[in-house]
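# Observations on chain architecture
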Amino acid sequence: MQTVSRLDPLRTAVEGLRAGGKTVALVPTMGALHEGHLTLVREAAAQADHVVVSIFVNPRQFGANEDLDAYPRQLARDTELLEREGVALLWAPDPEAMYPAGYATNISVAGVSEGLCGADRPGHFDGVATVVCKLFNQVRPDMAFFGEKDWQQLAVIRRMARDLDLSFPQADAIHGVGIVRESDGLAMSSRNAYLSAEQRQAAAALPRAMRDAIAVIGSGPGEERALGNLRETLAVAGFSSVDYTELRDADTLVPLANGANTENARLFVAARIGGTRLIDNMSVAEEQG
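Reading the values: the criteria
- Residues numbered from 1 in each chain as written.
- Predicted model: local features only at pLDDT ≥ 70, side-chain atom pairs only at ≥ 80, totals over all residues.
- Heavy atoms only, no water.
- UniProt positions renumbered as here; feature names shortened; annotations may be inferred.
- Buried < 20%, exposed > 50% of the residue type's maximum accessible area, 1.4 Å probe, protein only.
- Helix = DSSP H or I, 4+ residues; strand = E, 2+ residues; numbered from the N terminus.
- Arc of directions from axis to C-beta.
- Pairing = 2+ DSSP bridges.
- Axes fitted to C-alpha atoms, helices over the stretch in contact; angles between N-to-C directions.
- Contact = heavy atoms within 4.5 Å.
- Phe/Tyr/Trp six-rings, centres within 6.5 Å; stacked < 30°, edge-to-face > 60°.
- Lys NZ or Arg CZ within 6 Å of the ring centre and 35° of its normal.

As named in an unreviewed UniProt entry, the protein is Pantothenate synthetase, taken from Qipengyuania spongiae. In its Catalytic activity (unreviewed entry) section, the UniProt record describing the protein reads: "(R)-pantoate + beta-alanine + ATP = (R)-pantothenate + AMP + diphosphate + H(+)". Quoted verbatim from the Subunit (unreviewed entry) field of UniProt, the annotation for the protein is "Homodimer."

Among the residues making up helix α3 (residues 75–84), those that are buried are D78, T79, L81 and L82. One side of α3 carries all its buried residues, which in axial view fall inside an arc of 165°. Opposite its buried face, α3 presents the exposed residues A76 and R84, each directed more than 90 degrees away. Trailing α3 by a residue or two, G86 shows a phi angle of about 75°, which is positive.

Strand order in the open sheet made by the six strands is β1-β4-β3-β2-β5-β6, with parallel pairing throughout. Single-partner strands in this sheet number two, and they are β1 (2–4) and β6 (174–177). Each adjacent strand pair in this sheet contributes to an overall mean axis angle of 25°, direction not counted. Across two bridges, the pairing between strand β2 (residues 24–29) and strand β5 (residues 143–147) is parallel. Note that in β5 the partner of A25 across the bridge is M143. Where helix α1 (residues 7–17) meets the sheet, its contacts fall on β1, β2, β3 (50–55) and β4 (89–91), and the angle it forms with β4 comes to roughly 155°. Against the sheet, helix α7 (residues 151–163) engages β5 and β6, with an angle of about 170° to β6.

Another point: the packing of aromatic side chains. With the rule as written, the count across this model stands at four aromatic pairs. Seen in terms of ring centroids, F62 and Y71 are 5.9 Å apart; in terms of plane orientation they differ by 80°. Their pairing is edge-to-face. Per residue, the accessibility class of F62 equals that of Y71, and both read buried. Between the aromatic rings of F136 and F146, the centroid separation amounts to 6.4 Å while the plane-to-plane angle is 75°, which identifies the pairing as edge-to-face. Here F136 is found in helix α6 (residues 124–139), whereas its partner F146 is found in strand β5, with 10 residues between them in sequence. Grouping residues by exposure puts F136 and F146 together as buried. An aromatic cluster of at least three residues, connected via ring pairs, comprises F56, Y99 and Y103. In this structure, R60 packs its charged tip against the face of Y99, placed 4.6 Å from the ring centre.

The following block contains the structure:
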């Protein structure tokens with residue numbers, strides 16, 4: 001596996017991968033890789049001739065009081081994991097390479113970025129859209145792969161690609177890959193490493209409470225009661241606060257009113273345990289079977 005940290009060598013390396021009409025897939029990450037990331041890499045490898053993984057802890061998607069400095073950085077370990085997966089190229093720029101002196105451009109995606117994490121983390125999705133657009137322009141992949149745990153992020157990126165007429169990759173070549181979960185149901189996340197042993201045990205209440213809520217959505221008690229019970233369950237389990245529990249349309253991310261058709265609904269939750277913010281989402285129809 002080749003590792004590059006500057007733009008000119010990156011473009012030369014990608015051009016080499018494309019020789020003979022070969023296809024290239026991109027898996028953007030912030031490092032601290034876990035099985036969820038590696039699942040993206042394997043899916044990319046199944047659909048493209050070569051896989052490029054980027055590792056960049058993007059400062060523009062962190063708020064003033066968020067965990068930029070504490071975010072885990074373990075490039076040596078990540079490199080070893082990617083080599084085992086047969087990744088062709090690792091793009092690991094430093095902040096100065098991504099945002100050189102005088103950088104002054106920002107991308108903002110309205111609509112799907114509003115509410116949910118967009119409300120709780122102002123400017124977050126501007127930072128996501130900006131860095132992903134840059135990554136697409138730098139690598140020019142035929143396809144790209146993202147985890148569905150960050151469902152709103154995926155919606156923002158697809159909207160950005162459509163609105164800006166991106167051809168590398170086109171919006172329909174931006175693939176979402178299902179959430180990879182621990183044995184107790186907790187969605188895999190690099191931030192899970194922040195949890196103490198006690199907090200980690202308590203965190204498993206999140207997916208259980210979500211499934212309990214989904215089980216009664218659309219039945220007698222109604223959505224508001226189900227979501228209220230979900231919030232109460234998390235409080236009892238040891239979560240310090242709940243940022244949101246919402247039902248939204250899976251495609252448009254428009255909030256669904258109590259009693260609305262939930263055929264295409266997803267349940268979105270963000271909650272904090274200790275100093276760690278966990279997010280998750282589930283399809284109502286899939287969970288109800």
